[in-house]
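The chain contents come next:
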Amino acid sequence: MNRDKAIQTLVENARKISIQYQSIVESFGGIVKAKKNNKEMFIPGYIPYIGEEYFEASTKIFIYALSQNLSPTDDISIKWAIKWRDGDKENYAINRQNINFKNHGKVMMQPFDTGHLPVIAGILNYLSNPTTQSNQNIYKSISATNLSKFSFRDGNKTTDNSESLKKCFRWFSIKEIELLQPDYIICAGDKVYDVVKDSLESTSGPHPSVIRVRFPSLLVINSKFKKMLKNDDDKRVKIILSIFSNSVLNKESSYRNRKSIREIIERDKNYFVAMFDCIKKQI
C-alpha cells in the first residue's frame with residue numbers, strides 16, 4: 001500500500017458511507033449541519049490525515065481524537081457542506097484533513113494542531129524505538145483523525161455518544177486500520193479509548209497496540225498537570241525536546257498567539273512528562 005492508493009480507497013469509502021448512511025446520521029440527536037441563508041446542509045464524513053512518509057515509517061502510529069466539534073455557521077462547515085452538495089469533485093470535503101495540512105499546516109483537529117498529539121506520537125515513537133535517531137519530523141510519519149466523523153453538540157458542548165462512535169468505527173475506522181496497518185493507535189481520552197479498544201477486540205483483522213493518553217485540552221492540563229517538576233523530570237523534558245527536528249520545534253501551533261511547538265512543550269511540560277511515563281507503562 002502507498003499513500004496515494006490509501007487516500008483514494010479511503011475517499012471512496014467515506015463517500016459511499018456518507019451517501020448510504022446520511023439519513024441515519026441525521027436521525028441522531030444534536031447532529032451539526034452547516035447553515036447558510038437559513039438553509040441546512042449535510043457535512044459528510046472524511047478520511048484521516050496521512051503523513052507523506054507514513055508508509056515508510058519503521059513504527060506506524062495512528063492517532064484518534066474525538067470530534068471536530070463544528071458549529072453550523074463555521075466558515076469551514078459551510079464550505080465543506082457546499083462542496084459536498086455540489087458533488088465534491090475535488091474531494092475537498094472528504095479529504096479535508098490532508099488538503100488543509102498541505103495548504104495551511106493544520107489537520108483541523110484542535111489537539112493535533114496545537115502540537116500536543118504530534119508530540120505525544122513522537123514520545124511513543126521514541127519509547128518504542130530506543131535506538132531511533134532523534135531530530136525527527138514527526139508530522140511526516142504519522143496519521144491522525146477523529147473517531148467521530150460527524151459533529152454532535154448542544155450549545156458549546158460536544159455530545160457524541162457511544163452509539164454514534166461505534167457506528168463510525170464500523171463505517172470508517174475498520175477500513176482506516178486495515179489500510180494504514182498501524183503498530184500503535186493513540187487514543188486521546190477515555191471515551192475514544194474505550195470504543196476503539198472494545199471494537200478492535202470484537203473484529204478480525206489488524207490488532208495494533210492501543211495507547212491511552214489524557215485528552216490534551218487546556219482545561220485538563222491546567223486542572224490535572226500543574227505539579228512542580230522533580231529534578232529527574234527535567235531530564236525527560238530535555239529528552240522530549242531532543243526527539244524533534246528544529247523544523248518541528250519551530251512550527252507554529254494553532255494557538256492565537258502562535259506559540260511554537262517548542263514553547264508548547266516548555267509551557268505544558270508537566271503534561272508531557274506525565275504522558276511520557278504513562279506511555280512507557282503501556283508499551
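Description of the structure in this document. Keep in mind that this is a model prediction, so the values were computed, not measured.

### Observations regarding the overall build of the chain
Part 1 of the reasoning: Assigned secondary structure in the chain consists of 14 helices and nine strands.
Part 2 of the reasoning: The C-alpha atoms of the chain give a radius of gyration of 18 Å, which matches the 19 Å a tight globule of 283 residues would have.
Part 3 of the reasoning: Along the longest, intermediate and shortest principal axes, the C-alpha atoms of the chain span 55 × 40 × 35 Å.
Part 4 of the reasoning: Every one of the 283 residues in the chain was classed for burial, and the buried ones make up 53%.
Part 5 of the reasoning: Considering only intrachain contacts with a sequence separation of at least 6, the fraction spanning at least 24 residues in the chain is 77%.
Part 6 of the reasoning: Per element, the accessible surface of the chain, about 13600 Å² overall, is 45% carbon and sulfur.

### Notes on the packing of aromatic side chains
Part 1 of the reasoning: Inspection of every chain in the model, using the stated rule, returns 13 aromatic pairs.
Part 2 of the reasoning: Ring centres of Phe-28 and Phe-152 lie 5.9 Å apart, and the angle between their planes is 70°; this geometry places the pair in the edge-to-face category. With Phe-28 in the loop between α2 (22-27) and β1 (34-36) and Phe-152 in the loop between β5 (142-146) and β6 (153-154), the pair connects residues that are 124 residues apart, well separated along the chain. Note on accessibility: Phe-28 and Phe-152 belong to one class, buried.
Part 3 of the reasoning: Note that Lys-149 overlies the ring of Tyr-46, its terminal NZ or CZ placed 5.8 Å from the centroid.

### As for the packing of helix α8 (residues 162-180) against helix α9 (residues 190-201)
Part 1 of the reasoning: Here α8 crosses α9 at 65°, and the two axes come no closer than 11 Å. Helix-helix and strand crossings are classified by hand; for α8 and α9 the assignment is right-handed. Contacts from Leu-165, Lys-166, Phe-169 and Ile-177 in α8 reach Lys-191, Val-195, Val-196, Ser-199 and Leu-200 in α9.
Part 2 of the reasoning: Here the residues of the contact of α8 with α9 sort into six nonpolar, one polar and two charged.

### Some remarks on the nonpolar core
Part 1 of the reasoning: Core analysis: the largest hydrophobic core is formed by 43 residues, its most contacted members being Ile-63, Phe-112, Ile-123, Phe-244, Ile-265 and Phe-272.
Part 2 of the reasoning: In terms of residue count, the dominant contributor to this core is helix α6 (residues 116-128) (seven residues).
Part 3 of the reasoning: If we skip the residues at most four places from it in the chain, Phe-112 touches Tyr-49, Ile-63, Val-107, Leu-117, Pro-118, Tyr-139, Ile-142 and Ala-144.
Part 4 of the reasoning: Residues Phe-55, Trp-171, Leu-180 and Cys-187 belong to the second largest nonpolar core, which totals 38 residues.

### A short note on the state of the cysteines
Part 1 of the reasoning: Enumeration over the complete set of coordinates arrives at zero disulfides.
Part 2 of the reasoning: In this structure Cys-168 is a free cysteine whose sulfur lies 14 Å from that of Cys-187, the closest cysteine sulfur available.

### Remarks on the sheet that holds strand β8 (residues 184-188)
Part 1 of the reasoning: Pairing is mixed across the open sheet formed by five strands, whose spatial order is β3-β5-β4-β8-β9. This sheet does not close on itself; its edge strands, each paired only once, are β3 (49-50) and β9 (209-213).
Part 2 of the reasoning: Relative to β9, β8 runs parallel, the two sharing five bridges. Pairing of Ala-188 across the sheet is with Val-213, part of β9.

### Thoughts on empty space enclosed by the protein
Part 1 of the reasoning: Counting across every chain of the model gives two cavities of 30 Å³ or more.
Part 2 of the reasoning: What the second largest cavity holds in volume is close to 40 Å³.
Part 3 of the reasoning: Of all elements in the fold, only α1 (3-20) and α8 reach the threshold of two or more residues within the lining of the second largest cavity.
Part 4 of the reasoning: Considering each element in turn, the lining of the second largest cavity owes the most residues, three residues, to α1.

### Overview of the pattern of salt bridges
Part 1 of the reasoning: All chains considered together, the criterion is met by eight salt bridges.
Part 2 of the reasoning: With a shortest N-O distance of 2.9 Å, Glu-176 and Lys-149 are connected by a salt bridge. Separated by 27 residues along the polypeptide, Glu-176 in helix α8 and Lys-149 in the loop between β5 and β6 bring together distant segments of the chain.
Part 3 of the reasoning: The shortest N-O distance in the salt bridge between Lys-167 and Glu-163 comes to 3.6 Å. Separated by four residues within a single helix, Lys-167 and Glu-163 lie in helix α8, roughly one turn from each other.
Part 4 of the reasoning: Residue Lys-167 is classed as buried on the basis of its relative accessible area, which comes to 17%.

### Structural notes on the pairing of strand β4 (residues 61-65)
Part 1 of the reasoning: Extensive coverage of β4 is indicated by the burial of five of its five residues.
Part 2 of the reasoning: Of the two faces of β4, the one carrying Ile-61, Ile-63 and Ala-65 and the one carrying Phe-62 and Tyr-64 are both buried.
Part 3 of the reasoning: With five bridges joining them, β4 and β5 adopt parallel strand pairing. Looking at β5, one finds that Tyr-64 is bridged to Thr-145.
Part 4 of the reasoning: Looking at chain direction, β4 and β8 are connected through four bridges and run parallel. Across the sheet, the residue bridging to Ile-61 is Tyr-184, located in β8.

Reading guide: rules and limits
Residues numbered from 1 in each chain as written. Predicted model: local features only at pLDDT ≥ 70, side-chain atom pairs only at ≥ 80, totals over all residues. Heavy atoms only, no water. Helix = DSSP H or I, 4+ residues; strand = E, 2+ residues; numbered from the N terminus. Rg over C-alpha atoms; globule rule 2.2 N^0.38 Å. Buried < 20%, exposed > 50% of the residue type's maximum accessible area, 1.4 Å probe, protein only. Contact = heavy atoms within 4.5 Å. Areas by Shrake-Rupley, 256 points an atom, 1.4 Å probe, with all protein chains shown as cover. Phe/Tyr/Trp six-rings, centres within 6.5 Å; stacked < 30°, edge-to-face > 60°. Lys NZ or Arg CZ within 6 Å of the ring centre and 35° of its normal. Axes fitted to C-alpha atoms, helices over the stretch in contact; angles between N-to-C directions. Left-handed = near helix turned anticlockwise from the far one by under 90°. Nonpolar A, V, L, I, M, F, W, Y, C, P; charged D, E, K, R; others polar. Core = buried A, V, L, I, M, F, W, Y, C linked by side-chain atoms within 4.5 Å. Disulfide = S-S within 2.5 Å. Pairing = 2+ DSSP bridges. 1 Å grid on protein atoms, 1.4 Å probe; cavity = no way out; pocket = protein on both sides within 12 Å on 5 of 7 lines; lining within 4 Å. Points joined across faces, edges and corners; volume = space filled by probe spheres on them. Salt bridge = Lys/Arg side-chain N within 4 Å of Asp/Glu carboxyl O.

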